[in-house]
Amino acid sequence: MAEIKLAAQVRTEFGKGAARRARRANQVPAVVYGHGAESVHITLPAHELQLVLRTANVLIGLELDGKDALVIPKAVQRNPLKGDIEHVDLLTVKRGEKVNVEVAVHVEGDLAPGGNLLEYVQNTLLVEAEATHIPESVTVSVQGLDAGASILAKDIPLPKGSVLAGDEDAIVLQVVAAQAEEPAAESAEEAGEEA
């Protein structure tokens, strides 16, 4: 995964009022922490950050006071109505360091014929990978699976350098048979005719 550069500024004001002023200036308040270092409060350009966070588990190269730091997003708070980013927690990482991240699960292939439905029990998979080689997603084939089949976390092929960090026996996907709905209106009419 490529590293994306972002320029950051140290924050000296804290609280709701300061955060609102930063957002009005098209800046997003953020906190950088990790490796036992003291937390650093920063602001990031809102538009650029929005574009960067479109990629899951993106590796960000922060330029802060003439120093560079590698970080990954750990928590993103969004406005529930507008969807704008309100705050970001960033975790400092080092090249070669292993980190645990949630990776999206994608499927390919078609289920067996017969009206089967695919149920996502988990949309993501917890994996351990090198900070500079975090996979964006994992793909698993559901080709020909029939009702009652399930795919466990350990059954999903992971990219080279990644290992499963969560429960290997956790069900990620399962195939269920479509249930036919009984026509309630017709049943009531038939019962009325018999009476």
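It should be emphasised that the depicted structure is a prediction, and the values quoted were computed from it without experimental measurement. (Residues numbered from 1 in each chain as written. Predicted model: local features only at pLDDT ≥ 70, side-chain atom pairs only at ≥ 80, totals over all residues. Heavy atoms only, no water.)

Asker: Break down the overall build of the chain for me, citing the residues and quoting the values.
Answerer: Summing up its helical and strand segments, the chain has 3 helices and 14 strands in all. For 195 residues, the compact-globule formula gives about 16 Å, and the C-alpha radius of gyration of the chain, at 24 Å, lies well above that figure. Along the longest, intermediate and shortest principal axes, the C-alpha atoms of the chain span 85 × 45 × 25 Å. When the 195 residues of the chain are sorted by exposure, 32% land in the buried category. Partitioning the intrachain contacts of the chain with sequence separation of at least 6 by distance along the chain shows that 63% fall at a separation of at least 24. For the chain, the accessible area works out to roughly 11,900 Å², and carbon and sulfur atoms hold 49% of it. Separation of charge centres in the chain, based on 17 positive and 30 negative side chains, amounts to 19 Å. (Helix = DSSP H or I, 4+ residues; strand = E, 2+ residues; numbered from the N terminus. Rg over C-alpha atoms; globule rule 2.2 N^0.38 Å. Buried < 20%, exposed > 50% of the residue type's maximum accessible area, 1.4 Å probe, protein only. Contact = heavy atoms within 4.5 Å. Areas by Shrake-Rupley, 256 points an atom, 1.4 Å probe, with all protein chains shown as cover. Lys, Arg positive; Asp, Glu negative; His and termini not counted. Charge placed at Lys NZ, Arg CZ, Asp CG, Glu CD.)

Asker: Describe the sheet that holds strand β3 (residues 27-34), naming the residues involved and giving the relevant values.
Answerer: In space, the 7 strands of this open sheet follow the order β1-β5-β6-β7-β3-β4-β2, with mixed pairing throughout. Because the sheet does not close on itself, it has two edges, and the strands there are β1 (3-7) and β2 (9-10). Sheet topology places β2 next to strand β4 (residues 37-45); 2 bridges connect them, and they run antiparallel. Residue pairing for β4: Gln9 is matched across the bridge by Thr43. (Pairing = 2+ DSSP bridges.)

Asker: So, the pairing of β3: which residues are in play, and what are the values?
Answerer: Two faces, one strand: in a regular strand the side chains alternate between the faces of the sheet. Most of β3 is tucked away, with 6 of its 8 residues classed as buried. In this sheet, β4 lies alongside β3 in antiparallel orientation, the contact comprising 7 bridges. When the sheet's bridge partners are listed, Pro29 is paired in β4 with Thr43. Counting the residues between successive antiparallel strands, the hairpin from β3 to β4 contains 2 residues, one of them, His35, with a positive phi of roughly 60°. The pairing of β3 with strand β7 (residues 85-93) spans 4 bridges and is classified as parallel. Within β7, the residue paired with Val31 across the bridge is Asp89.

Asker: Pulling in residues and values, what's your account of the pattern of salt bridges?
Answerer: This structure, assessed with the given rule, holds 1 salt bridge. A salt bridge links Asp169 to Lys154; the shortest N-O distance between them is 3.0 Å. Remark: Lys154 occurs in the loop between β12 (150-152) and β13 (163-164) and Asp169 occurs in the loop between β13 and β14 (171-177); sequence separation between them is 15 residues. Looking at Lys154, the relative accessible area reads 48%, which means it is partly exposed. (Salt bridge = Lys/Arg side-chain N within 4 Å of Asp/Glu carboxyl O.)

Asker: Please provide a residue-by-residue account of the nonpolar core, values included.
Answerer: Formed by 21 residues in total, the largest nonpolar core has its most connected members in Ile72, Leu125 and Ile156. Listed by contribution, the elements that provide at least two residues to this core are β6 (67-78), β7, β8 (98-108), β10 (124-130), β11 (137-141) and β14. Counting residues per element, this core draws most heavily on β8, at 4 residues. Leaving out residues up to four positions away in the same chain, Ile156 has contacts with Val105, Leu125, Val138, Val140, Ile151 and Val172. Judged by nonpolar contacts, the second largest core, of 18 residues, contains Leu53, Ile60, Ile85 and Leu90. (Core = buried A, V, L, I, M, F, W, Y, C linked by side-chain atoms within 4.5 Å.)

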